[in-house]
Amino acid sequence: MYLIDTRTNVIHDMTRPAYECHISHIPKDVIKKVYTIDTVKRMCDMDAVPRYTGCQWCMPDYFIFDMSKIY
Ligand SMILES: [Zn+2]
């Protein structure tokens, strides 16, 4: 199962959450659950709106480095 923090649009993998995810700190009312990796892939698609990204700690394969946040 995958857990989405809808404030940040970051997806976490609940089967291997990392300490850095601080899952327990995410308020329950902003959490959205997704059950399949196919759905996760679709949500991370470049053209998806809103666009989601994998957590850099527990889903590094789906983590999208957002260049626009640097400049
Ligand atoms: Zn995570």
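Source: prediction; values computed, not measured. (Residues numbered from 1 in each chain as written. Predicted model: local features only at pLDDT ≥ 70, side-chain atom pairs only at ≥ 80, totals over all residues. Heavy atoms only, no water.)

A word on the coordination of the zinc ion
Only His12 (ND1), Cys21 (SG), Cys55 (SG) and Cys58 (SG) from the protein reach the zinc ion as donors, at distances of 2.0 to 2.4 Å. Seen from the zinc ion, its 4 donor atoms lie at angles of 102 to 115°, and the figure they make is tetrahedral. In the primary sequence, the donor residues of the zinc ion line up as H-x8-C-x33-C-x2-C. Note that histidine 12 is positioned in strand β2 (residues 10-13) and cysteine 58 in the segment after β4 (53-54), a separation of 46 residues in sequence. (Donors = N, O, S within 2.8 Å, 3.2 Å for Na, K, Ca; no water. Tetrahedral: all angles 85-135°; square planar, octahedral: opposite > 155°, others 65-115°. Helix = DSSP H or I, 4+ residues; strand = E, 2+ residues; numbered from the N terminus.)

Comments concerning the sheet that holds strand β3 (residues 31-34)
Spatially, 4 strands are ordered β3-β1-β2-β4 in an open sheet, and the strand pairing comes out mixed. Because the sheet does not close on itself, it has two edges, and the strands there are β3 and β4. In this sheet, β3 lies alongside strand β1 (residues 2-5) in antiparallel orientation, the contact comprising 4 bridges. Each bridged residue has a counterpart across the sheet, and for isoleucine 4 the counterpart in β3 is lysine 32. (Pairing = 2+ DSSP bridges.)

Let's talk about the environment of glycine 54
The topology assignment puts glycine 54 in strand β4. The sequence separation of glycine 54 and valine 10 amounts to 44 residues, and the corresponding C-alpha distance is 5.6 Å. In this view, glycine 54 contacts Val10, Ile11, Cys44, Met59, Tyr62 and Phe63; residues no more than four positions away in its chain are not counted. (Contact = heavy atoms within 4.5 Å.)

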